[in-house]
Amino acid sequence: MGQFVDLTSGDGFVFPAWVARPDVAPRGAVVVLQEIFGVNSHIRAIADRFAARGYLAVAPSTFHRVKPGVELGYTADDMQAGMGLKAAVEALPAPGVMPDIQAAIDHAAEQSGRKVGIVGFCWGGLLTWRAACELQGLSAAVPYYGGGVTTPEEIARQPRVPVLAHFGERDHWIPLDGVQAFSRAHPGVEVHVYAADHGFNCDQRGSYDETAAMAARDRTLAFFDKHLA
């Protein structure tokens, strides 16, 4: 359903994004932010599923500034490689990869002519939270198990748009006390915690939990239906 297109960031940097278009006039647009594994088949499938539900979906390669063409799986070696690439992006001089996400938001708005939401997973969840707090042109944001979102530095940020946040109670990367601190600091954010591990939405990982994934999906779609209509 989708294909890669080149987008241009505000600083002139050119990077690819997977763009999936609905068969009908878009009801809205959604930017999909990758995990630490690149815009792989899982992320492309998520974008395609949003398109099947009537949303124009844009999944930018947020690794492209440090390494082009990244498409990893979910083995231990892939995890190590992805963590290294994430660290490299996080070490970029400010504003880092945020202009690329802004370019994806702008492209989604231009191509759809509708409101834009953003959703991200793992590291993409962290970038989704930052986008909700820093970037322009968004109407809703949904971070899934955003690694780092519950640190004091990230909790101190203030979102500019409605946020729905999904976490797993058995997520050893994101302790529950951090989730609780995040929730207390942001009573306006809709926080849901599932009886699941990190990565529960990804059906290519051993941590996939269908019950949690479907519940989070339904809440996410309802949230976007409400705020992007």
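Residue numbers restart at each chain and count upward from 1, following the sequence in its written direction. Only residues with pLDDT of 70 or above have their local features reported here, since the model is predicted, and side-chain atom pairs are shown and tallied only from 80 upward, although totals for entire chains, interfaces and linings are computed over all residues. Hydrogens are left out, water is left out, and the side-chain values use all remaining heavy atoms of the structure.

(A) Just the overall build of the protein chain, in detail. The way it works is that DSSP assigns letters per residue, a run of H or I at least four long becomes a helix, a run of E at least two long becomes a strand, and they are numbered from the N terminus. A tally of helices and strands in the protein chain yields 7 helices and 8 strands. Using C-alpha atoms as the atom set, the radius of gyration is obtained and then compared with a globule rule of 2.2 Å times the number of residues to the power 0.38. Taking 229 residues into account, the globule formula puts the C-alpha radius of gyration at 17 Å, and the protein chain, at 16 Å, falls close to it. When its C-alpha atoms are laid out on the principal axes, the protein chain stretches across 40 × 35 × 30 Å. Exposure is judged per residue with a 1.4 Å probe applied to protein chains only, and the accessible area is read against the type maximum: over 50% gives exposed, under 20% gives buried, and values in between give partly exposed. By the burial criterion, 55% of the 229 residues in the protein chain qualify as buried. Contacts were defined at the residue level, with two residues in contact if any of their heavy atoms lie within 4.5 Å. Contacts in the protein chain between residues far apart in sequence, at least 24 positions, make up 70% of those at least 6 positions apart. In this description, accessible areas are obtained by the Shrake-Rupley approach with a 1.4 Å probe, and a residue is regarded as covered only by the protein chains that are shown. Counting only carbon and sulfur atoms, one obtains 51% of the accessible surface of the protein chain, whose full area is about 9600 Å². Charged residues are defined here as Lys and Arg on the positive side and Asp and Glu on the negative side; His and the ends of the chain fall outside this count. In this description, the location of a charge corresponds to atom NZ of lysine, CZ of arginine, CG of aspartate or CD of glutamate. The positive charge centre, built from 19 side chains, and the negative charge centre, built from 25, are 5 Å apart in the protein chain.

(B) Focus on helix α6 (residues 176-185). Of all the residues in α6, the buried ones are Gly178, Val179 and Phe182. End-on, the buried residues of α6 take up no more than an arc of 100°, which puts them together on one face. Exposed and oriented more than 90 degrees from the buried face of α6 are Asp177 and Arg184. On its buried side, α6 packs onto α4 (123-134), α5 (152-155), β7 (164-168) and β8 (190-194). This arc is built from the directions going out from the helix axis to the C-beta atoms.

(C) Up close: the pattern of salt bridges. We count a salt bridge whenever a side-chain nitrogen from Lys or Arg sits within 4 Å of a carboxyl oxygen from Asp or Glu. Applying the stated criterion across every chain yields a total of 11 salt bridges. Of the charged contacts in the structure, one is a salt bridge between glutamate 35 and arginine 205, with a shortest N-O distance of 3.3 Å. Linking glutamate 35 in the loop between β3 (28-33) and α1 (41-52) with arginine 205 in the loop between β8 and α7 (210-228), this pair joins segments that are 170 residues apart in sequence. Of the two residues examined, glutamate 35 and arginine 205, each falls in the buried class. The partner of aspartate 197 in a salt bridge is arginine 170, and the shortest N-O contact between them spans 3.5 Å. A residue pair is termed long-range when its members are at least 10 positions apart, and aspartate 197 in the loop between β8 and α7 and arginine 170 in the loop between β7 and α6 qualify at 27 residues. Using a relative accessible area of 30% as the deciding quantity, one classes aspartate 197 as partly exposed. For arginine 170, a relative accessible area of 46% gives the class partly exposed. Overlapping salt bridges bring together Glu90, Arg130, Glu134, Glu154 and Arg157 as one network.

(D) Local environment of unusual backbone geometry. Looking along the chain, the bond that leaves alanine 94 and enters proline 95 is cis, with omega of 5°. One can find proline 95 in the loop between α2 (76-90) and α3 (98-112). Even without being a glycine, cysteine 122 presents a positive backbone phi close to 60°. Along the chain, the position of cysteine 122 falls in the loop between β5 (116-121) and α4. Even without being glycine, tyrosine 145 reaches a positive phi, approximately 30°. With respect to the helices and strands, tyrosine 145 occurs in the loop between β6 (140-144) and α5. Of the residues examined, tyrosine 145 reaches a relative accessible area of 0% and is grouped as buried.

(E) Broad picture of the side chain of histidine 166. Secondary-structure assignment places histidine 166 in strand β7. Overall, histidine 166 belongs to the buried group, its relative accessible area being 0%. Whenever a nitrogen or oxygen atom comes within 3.5 Å of another N or O atom, the pair is scored as a polar contact, on the condition that within protein one atom can donate a hydrogen and the other can accept it, and that pairs from neighbouring residues in sequence are kept only if both atoms are in side chains. For histidine 166, the side chain forms a polar contact with the side chain of threonine 220, separated by 2.9 Å. If we ignore the near neighbours within four places in the chain, the residues touching histidine 166 are Val142, Pro143, Tyr144, Tyr145, His192, Tyr194, Phe200, Ala216, Arg219 and Thr220.

(F) Spatial organisation of the pairing of strand β1 (residues 2-8). Taken together, the 7 bridges between β1 and strand β2 (residues 14-20) define a ladder with antiparallel strand orientation. Bridge assignment links threonine 8 to a residue of β2, and that residue is valine 14. Note on pairing: two strands pair once DSSP finds at least 2 bridges between them. Here β1 hands over to β2 after 5 residues, with glycine 12 in that stretch at a positive phi of 90°.

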